[in-house]
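Chain and residue survey
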Amino acid sequence: TAPGDYFLIFHMDADNVVDECNDQNNTVSTAIKVRIGNPDYVPQDFVVDGKTELTVKQGQSLSGSVEIKNQGNGPGTRFTDGKYYYSTNASFNPNADILLGNNRDSIEPLSAGEKRTEGETVRLPNSVPIGPGYILYVVDVPNKVKESNEQNNVAFVRINVEARPNPGTGTG
């Protein structure tokens, strides 16, 4: 049924089987609204190399894993826009954060309450600054999926970036 305004109608003795003194009072109706909720994709249980906080080196490969849950009350749609970023803070800024990688596979639609774990290996660029930072996982980056809440699409892992080793010496 499509969303909209409808009437729910109850009709008793529709085939006039019962002999009644008044057949005109066998129907009652009430107005109803049919609404289908929106999905709400949320990244949770995000870890990098199995941890929620870690020390990494510039240029290091990192393995991310995140559970994506549809905590909305409507069915989701397929999307391919789960992305990993390096950031200097825990908030996503598409103009400042460094894209590390995308999910290789489309994320299949999730029904309300359903969840799925996704994973990807990404490489931290040699150019990221030494010191504290964040690896972000962002669901539905360009907001293609109409969600009930567009403000909860980011999960993060705290990292401390160290200089990459010098080739041949093993030192930073």
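Details of the structure are given in the entry above.
Keep in mind that what you see is a predicted model, and the values were worked out from it rather than measured. (Residues numbered from 1 in each chain as written. Predicted model: local features only at pLDDT ≥ 70, side-chain atom pairs only at ≥ 80, totals over all residues. Heavy atoms only, no water.)

A word on the pattern of salt bridges
To be explicit about the condition: We count a salt bridge whenever a side-chain nitrogen from Lys or Arg sits within 4 Å of a carboxyl oxygen from Asp or Glu. Secondary structure elements follow DSSP: runs of H or I no shorter than four residues count as helices, runs of E no shorter than two count as strands, and numbering proceeds from the N terminus. Partly exposed describes any residue whose relative accessible area lies between the buried limit of under 20% and the exposed limit of over 50%, with all areas from a 1.4 Å probe on protein chains only and scaled to the type maximum.
Within the structure shown, the criterion is met by 2 salt bridges. We note a salt bridge from K57 to E162, for which the minimum N-O separation is 2.7 Å. Of this pair, K57 sits in strand β4 (residues 53–57) while E162 sits in strand β10 (residues 154–162); the two residues are 105 residues apart in sequence, bridging distant segments of the chain. Judged by relative accessible area, K57 falls into the partly exposed class, the value being 31%. Judged by its relative accessible area of 32%, E162 falls in the partly exposed class.

Focus: the side chain of K83
Inclusion rule: Only heavy atoms matter for contacts: two residues are in contact if any of them lie within 4.5 Å across the pair.
Take K83: it is sitting in strand β6 (residues 83–87). Judged by relative accessible area, which is 19%, K83 ranks as buried. The residues touching K83, leaving out its near neighbours within four places in the chain, are L99, G101, N102, L136, Y137, V138 and V141.

Remarks on the packing of aromatic side chains
Applicable threshold: We call Phe, Tyr and Trp rings a pair once their centres come within 6.5 Å, taking the six-membered ring for Trp, and we label the pair stacked below 30 degrees between planes, edge-to-face above 60, and tilted otherwise.
Under the definition given, this model contains 5 aromatic pairs. Residues F46 and Y137 carry aromatic rings whose centres are separated by 6.1 Å and whose planes lie at 50 degrees to one another, so their mutual orientation is tilted. Placement of the pair is F46 in strand β3 (residues 41–48) and Y137 in strand β9 (residues 131–138), with a sequence separation of 91 residues. Considered together, F46 and Y137 belong to a single accessibility category, that of buried residues. When the centroid spacing of 5.4 Å and the interplanar angle of 80 degrees are considered together, the rings of Y134 and F156 count as edge-to-face.

As for unusual backbone geometry
Residue D45 is not a glycine yet carries a positive backbone phi of 55 degrees. By the secondary structure assignment, D45 is in strand β3.

Focus on the environment of K115
Its location among the elements puts K115 in strand β8 (residues 115–123). In this structure, K115 is in contact with Q44, E67, I68, K69 and L110, ignoring residues within four places of it in sequence.

Concerning the sheet that holds β8
Using the following cut-off: Paired strands, in this sense, are two strands between which DSSP finds at least two bridges. A fitted line through C-alpha atoms represents every axis, and for helices the fit uses only the stretch in contact; the resulting angles, taken between N-to-C directions, go from 0 to 180 degrees.
Strand order in the open sheet made by the 3 strands is β3-β5-β8, with antiparallel pairing throughout. Looking at which strands have only one partner, the edges of the open sheet turn out to be β3 and β8. Averaged over all adjacent pairs, the angle separating strand axes in this sheet is 25 degrees, with direction ignored.

A word on the sheet that holds β10
The 5 strands are arranged β4-β10-β9-β6-β7 in an open sheet whose pairing can be described as mixed. Of all strands in the sheet, those bounded by a partner on one side alone are β4 and β7 (98–102). For this sheet the average axis-to-axis angle between neighbouring strands, irrespective of direction, equals 30 degrees.

Notes on a nonpolar patch on the surface
Put simply, the test is: Note that patches include only residues with greater than 30% relative accessible area and no salt bridge, and the join distances are 9 Å for like charges and 5 Å for nonpolar side chains (Val, Leu, Ile, Met, Phe, Trp, Tyr). The accessible surface values rely on the Shrake-Rupley method and a 1.4 Å probe; as for residues, cover is taken only from the protein chains in view.
Together, Y6, L8, F10, V28 and I32 give the surface a local cluster of nonpolar side chains, amounting to about 420 Å² of exposed area. Of all the secondary structure elements, the ones that give two or more residues to the nonpolar patch are β1 (4–11) and β2 (27–34). In terms of residues, the nonpolar patch owes the most to one element, β1, which gives 3 residues. Looking at where V28 falls in the secondary structure, it is placed in strand β2.

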